[in-house]
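Below are the chains, spelled out letter by letter.
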Amino acid sequence: MQPDPDVRRDPALWMRRVRPRTRAIRALRRVRRNLPHLLLAASAAGLAYLIASLVFPSADAVFAPIAAVVSVGLSAGQRLVRAAEITTGVVLGLLLADTLTRLIGAGPWQLALAVLLGMSAAVALRASSLMANQAAVTGVFVMVLVPLQNTPPHVRLIDAVIGGLVAITLNALFAPDPHRVALTTAEQLLERLATAYRDLARALDESDLKTARRVLSDLEQLETAGRDLETAINATRERITLAPSKTRLVQRRRLRAMEQLAVRAGIMVTSARSSSRAAATLARHGGETDESLVTAVDQVSQALRVLRDWVRGTVRMNTAREEVLRAAVTASKALRKGSPAEQALAWQVRSASVDMLRVLGLTYTAAVKALEDAAGRADTLPPEPGGPGNAPA
């Protein structure tokens, strides 16, 4: 999702984003979010170096901590597979580069040849790009470090294997549960969207332009939410296969719900931003917003929280579906009598309702049908009771 150009051009919002305090808070949040992986990488490096130093002299224990750190990494996705691939890439690159160094020496063209052969071997094995890149990086390390060391080839090889095995073991035993990470990511996304709509309802009720603009700025921080959720889901798929059968059933149901949310996350954020723009327009021009529209926006917030509980597995699908459709029905009242700006926001609420129904597993056709059955068709909304269409014959 591309950053909102209107937000980038707004001097007030831009200055708020670049203030030292704001930047420091965001930096601390990123560190806190990645702290388990940071500690895991640091522990893997230290433990790998300790083990390699016990097996060989400490001066030779170079590749063990390197392999451990790059095998752990910062990614939450497919950690065990990732560690195994990187370890294989390290060993592959080391063997090829070490062999070439002994045969043709070390130098610029030899380094280029080692990288080419290491990546070619990984590609020939149908390995991932991660493994191919690691084979190339290890080849560079060997070519650069070998002339500076008197370490026997088998020592370097065992060092790399030790580092990789330490990383795989620590990942398997102490890495954060990816299912919990994915579930928390999904819940936080829905909670932040719910908070945004709740604040928009208040901005509409109070004609508060400042709040509407703040919501638009806050939603920009959700641009990567879908990608973050997909990364966590990939790790969950790996761990589910290792869980007990009863646990797998529960986790797979949650996984399907989170997958449906990940697919719609970007669209849901975009819809919320469009709603915030419409709310800002209404607040900017003042006047009293249709009460049914304020209620509908607040009901979207409530529906998102019910959707969060459904993803968690504590609410039935029918309950969540009724909550979503309730917001669409309320918003549709503004389509009959609201101003153009109010009607634009009402359309956004209906669109957001379709997105939430899609998260619940409905196809687009089924979601639209459910919406129209409950709130009326977009082109033939029923008139208000007592209106011209209901005049007595």
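Entered under Subcellular location (unreviewed entry) in the UniProt record, the comment concerning the protein runs "Membrane".

With that out of the way, let us pick up the side chain of Thr 211. Its place among the elements puts Thr 211 in helix α10 (residues 209–219). A polar atom in the side chain of Thr 211 sits 2.6 Å from the side chain of Asp 208. For Thr 211, the residues in contact, after removing those within four places along its chain, are Asp 199, Arg 202 and Ala 203.

Turning to the confidence of the model for the protein, a few remarks are in order. Mean pLDDT over the protein: 78, with 76% of residues reaching 70 or higher. Here residues 385–393 is a poorly scored stretch, pLDDT under 50, and it has 4 contacts once near neighbours within four places are set aside; other chains count.

So, about a negative patch on the surface. A cluster of like negative charges, contributed by Asp 205, Glu 206, Glu 288 and Glu 291, occupies part of the molecular surface. Along the chain, the position of Glu 288 falls in the loop between α12 (245–284) and α13 (291–312). Since its relative accessible area comes to 77%, Glu 288 is described here as exposed.

Together, Leu 47, Leu 50, Ile 51, Leu 54 and Val 55 make up a nonpolar patch on the protein surface, roughly 450 Å² of accessible area in all. Structurally, Ile 51 is set in helix α3 (residues 20–55).

As a further point, take the pattern of salt bridges. When the charged atoms of two side chains with opposite charge come close together, those side chains can pair. For the structure shown, the criterion picks out 12 salt bridges. For Asp 199, the salt bridge goes to Arg 214, with nearest N and O atoms at 3.3 Å. Residue Asp 199 is located in helix α9 (residues 178–206), and its partner Arg 214 is located in helix α10; the two are separated by 15 residues in the primary sequence. Asp 355 is paired through a salt bridge with Arg 264; the nearest N and O atoms lie 3.2 Å apart.

Moving on, we get to the UniProt feature "transmembrane region" (unreviewed entry) in the protein. With numbering aligned to this structure, UniProt lists the feature "transmembrane region" (unreviewed entry) at residues 35–56, 62–81 and 102–125. Helix makes up 95% of residues 35–56 and strand 0%, whereas the separation of the span's terminal C-alpha atoms amounts to 31 Å.

As a further point, take the environment of Arg 227. Counting through the fold element by element, Arg 227 comes out in helix α11 (residues 225–240). Residue Arg 227 is classed as partly exposed on the basis of its relative accessible area, which comes to 44%. Once the C-alpha coordinates of Arg 227 and Gly 266 are considered, the two residues, 39 residues apart in sequence, prove to be 8.9 Å apart.

Moving on: helix α16 (residues 364–375). Relative to the 16 Å expected for 12 residues at 1.5 Å per residue, α16 spans 16 Å between its end C-alpha atoms, a close match to the ideal helical length. Turning to α16, its buried residues number three or more, namely Ala 367, Val 368, Ala 370, Leu 371 and Ala 375. What you see down the axis of α16 is that its buried residues fit within an arc of 160°, all on one side. Summarising the geometry of α16, the exposed residues directed more than 90 degrees from the buried face are Thr 365, Lys 369 and Asp 373. For α16, the elements touching its buried residues are α14 (317–337) and α15 (340–359). Residue Gly 376 follows α16 closely and has a positive phi angle near 95°.

Definitions and limits used
- Residues numbered from 1 in each chain as written.
- Predicted model: local features only at pLDDT ≥ 70, side-chain atom pairs only at ≥ 80, totals over all residues.
- Heavy atoms only, no water.
- UniProt positions renumbered as here; feature names shortened; annotations may be inferred.
- Helix = DSSP H or I, 4+ residues; strand = E, 2+ residues; numbered from the N terminus.
- Polar contact = N/O pair within 3.5 Å; in protein donor to acceptor, adjacent residues only side chain to side chain.
- Contact = heavy atoms within 4.5 Å.
- pLDDT = per-residue confidence, 0-100.
- Patch = residues over 30% accessible without salt bridge, like charges linked within 9 Å, V, L, I, M, F, W, Y side chains within 5 Å.
- Areas by Shrake-Rupley, 256 points an atom, 1.4 Å probe, with all protein chains shown as cover.
- Salt bridge = Lys/Arg side-chain N within 4 Å of Asp/Glu carboxyl O.
- Lys, Arg positive; Asp, Glu negative; His and termini not counted.
- Charge placed at Lys NZ, Arg CZ, Asp CG, Glu CD.
- Buried < 20%, exposed > 50% of the residue type's maximum accessible area, 1.4 Å probe, protein only.
- Expected span 1.5 Å × (residues − 1).
- Arc of directions from axis to C-beta.

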